Amino acid sequence: MTDEKPPKIGRSQGRGETEKDMERRKKTREEKFMGAAIRAAKSGLKRGEVPIGAVIVYEDRVVARGYNRRAEKQLASAHAEMMAIDAACRKFGSWRLPEGCELYVTLEPCPMCMGAALNARVDRLYFGAYEQKGRSMTKALAEANLLNHRTEVQGGVSEEECSALLTGFFSGLRERQKAAKAAAKNSGNNLSDGAQTLD
């Protein structure tokens, strides 16, 4: 008979989950802050905007948030990243953000937003979903060193969740447009059916 004690099995491990599985379930630092950007995107969604959200992180704290507001403001520049960068600049009282600022955004930035991130001296940029139409130029702009500043870029953070938000929004939009088109067609048919000719 030995004095060896059997290994302790945690509640989750007892159900067949290994330590590796539990590690995978833990959110990384990047996923945690992308979660804040996703919540910002959902705020925009509630207001009928394309659900894109962004946050600025400094010293492990979210210091500014933004979501897409183009429809509300009718401004081409009212992207989530621009809203977050502007809010952070106001908070710090400078167009140049302090060293160590990071930008998290749910969709790969367009050239305008990437330019703003470089101009504001964002050190690291994390994005979720990739821009499928190849219009972003994110990597090329980040590496161009146009403003004597380089921003590290990492894509694909919480990619599935970010992509699902956008896919859901656009499929819902297409369905509503299709329904509106069908209703307009039916209403036109009803008018012509009820029309009478006068002699």
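Here the structure is shown first, and the text comes after it.
Residues numbered from 1 in each chain as written. Predicted model: local features only at pLDDT ≥ 70, side-chain atom pairs only at ≥ 80, totals over all residues. Heavy atoms only, no water.

## Notes on a positive patch on the surface
Step number 1: Together, Lys27, Arg39, Lys42, Lys46, Arg47 and Arg65 make up a positively charged patch on the protein surface.
Step number 2: If you tally residues by element for the positive patch, the top one is helix α2 (residues 29-46), at three residues.
Step number 3: Structurally, Arg39 can be placed in helix α2. (Patch = residues over 30% accessible without salt bridge, like charges linked within 9 Å, V, L, I, M, F, W, Y side chains within 5 Å. Areas by Shrake-Rupley, 256 points an atom, 1.4 Å probe, with all protein chains shown as cover. Salt bridge = Lys/Arg side-chain N within 4 Å of Asp/Glu carboxyl O. Lys, Arg positive; Asp, Glu negative; His and termini not counted. Charge placed at Lys NZ, Arg CZ, Asp CG, Glu CD. Helix = DSSP H or I, 4+ residues; strand = E, 2+ residues; numbered from the N terminus.)

## Regarding helix α5 (residues 111-119)
Step number 1: Looking at α5, one finds that the buried residues are Cys113, Met114, Ala116, Ala117 and Leu118.
Step number 2: Where α5 terminates, the next one or two residues include Arg121, which has phi positive at roughly 65°. (Buried < 20%, exposed > 50% of the residue type's maximum accessible area, 1.4 Å probe, protein only.)

## A look at the pairing of strand β4 (residues 124-129)
Step number 1: Among the six residues that make up β4, five are buried, leaving the element largely enclosed by the rest of the structure.
Step number 2: For strand β3 (residues 102-107) and β4, the ladder comprises five bridges, and the chain directions are parallel. Among the inter-strand pairings, Leu103 is bridged to a residue of β4, identified as Leu125.
Step number 3: Following the chain from β3 across α5 to the adjacent parallel β4, one finds a crossover that is right-handed.
Step number 4: Of the pairings in the sheet, the one linking β4 to strand β5 (residues 152-154) comprises three bridges and is parallel in character. (Pairing = 2+ DSSP bridges. Right-handed = clockwise from strand over helix to strand, strands pointing away.)

## Concerning the pattern of salt bridges
Step number 1: As enumerated under the stated definition, the model contains four salt bridges in all.
Step number 2: As a salt-bridge pair, Asp60 and Arg29 come within 2.8 Å of each other at their nearest N and O atoms. Taken as a pair, Asp60 in the loop between β1 (53-58) and β2 (61-67) and Arg29 in helix α2 lie far apart in primary sequence, 31 residues in all.
Step number 3: According to the relative accessible area criterion, Asp60 is partly exposed, its value standing at 47%.
Step number 4: Several salt bridges share partner residues, and in doing so they unite Arg29, Asp60, Glu102 and Arg124 into one network.

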